[in-house]
Amino acid sequence: MRRKSTQLNCFSPPVMLATFAIEMVLAVYTIWRYKLNVLARLAVAMLVALAIFQLCEYHVCGGLGLRAKEWSRIGYIAITLLPPIGLHMLHVLADKPRRRLIVTAYITMGVAVAYFLIDRTAFKGYACTGNYNIFQIGARPAIVYAIYYYGWLFTSIGFCFRWAKELRKVGKAGLQKLSAVQGLIIGYLVFLVPTALANTVKPETRRGIPSIMCGFAVLFALILVLYIMPKRGRRRTKPSQSK
């Protein structure tokens, strides 16, 4: 007789829960360790959004009394927040003044969120596989959403390289900013490149891009908290002990 065993795939439900726990712990740590200025609030918002998506993935086949479509809706709203938050974070890290680009990004985000909230037929179906989840939205909305998501994502990466080049010319004065921006570049690449490789090796995984991409995004979360925040975050000062 064959002994029964549990297969732990890269993005299986236990891994989703573990990823959720890691991202929430990182969010709590950031709140505890750093003053909640703009950068820290953006970091926490990104970590919580990533964690919410993992929780939604775990429950997409039913959980806590909500249907799969509702969990899909919440999950998609969570990841819709990520590109504008990343763009905003980049401006703060590079110490660039606020621009209309950030406002435009947040406006498009609001439109996408409103669509998922209002249109009850936004999600056409879903599939719970052993390794990742598949969310299905209409063909045209999917194209528009891909343009929104990847458009702002690659816009941020483009500005990362541009401003990193500028900061190299500043010298020591811009060293911390340069390191933080370079960390953000690495953070983006550690979940984009593996996702692209997975889609190339196994084309069928393209149906589960949100699930796979956010699975790798835990690496981004670790880079954000363990490398970027120490460079640019303002640590809380320990209260002096009274004699």
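Calculation rules
- Residues numbered from 1 in each chain as written.
- Predicted model: local features only at pLDDT ≥ 70, side-chain atom pairs only at ≥ 80, totals over all residues.
- Heavy atoms only, no water.
- Helix = DSSP H or I, 4+ residues; strand = E, 2+ residues; numbered from the N terminus.
- Buried < 20%, exposed > 50% of the residue type's maximum accessible area, 1.4 Å probe, protein only.
- Contact = heavy atoms within 4.5 Å.
- Expected span 1.5 Å × (residues − 1).
- Arc of directions from axis to C-beta.

1. Some words on the overall build of the protein chain
Regarding its fold elements, the protein chain presents 8 helices and 2 strands. Along the protein chain, from the amino end to the carboxyl end, the secondary structure elements read α-α-α-α-α-β-β-α-α-α. Taking all 243 residues of the protein chain together, the buried fraction comes to 45%. In the protein chain, the share of contacts with a sequence separation of at least 24, taken over all contacts with a separation of at least 6, comes to 76%.

2. Details of helix α6 (residues 139-170)
Between its first and last C-alpha atoms α6 spans 47 Å; for 32 residues at 1.5 Å apiece the expected length is 46 Å, and the two agree. Among the residues of α6, those classed as buried are Tyr145, Tyr148, Tyr149, Trp152, Leu153, Ser156, Ile157, Phe159, Cys160, Trp163, Ala164 and Leu167. Glycine 171 occupies a position one or two residues after α6 and carries a positive phi of about 90°.

3. Some words on the side chain of serine 179
One can find serine 179 in helix α7 (residues 175-201). Under the relative-accessibility criterion, serine 179 is labelled buried at 10%. Excluding its chain neighbours within four sequence positions, the residues that come into contact with serine 179 are Tyr227 and Lys231.

4. Some details on helix α1 (residues 13-33)
For α1, which comprises 21 residues, the first-to-last C-alpha distance of 30 Å matches the rise-based estimate of 30 Å (1.5 Å per residue) to within 8%. Residues of α1 that are buried include every one of Met16, Thr19, Glu23, Leu26, Ala27, Thr30 and Arg33, and no others. Taken end-on, α1 shows its buried residues confined to a sector of 145°, consistent with a single buried face. Seen from the open side of α1, the exposed residues pointing more than 90 degrees away from its buried face are Val25, Val28 and Trp32.

Coordinates in, geometry out; function isn't part of it.
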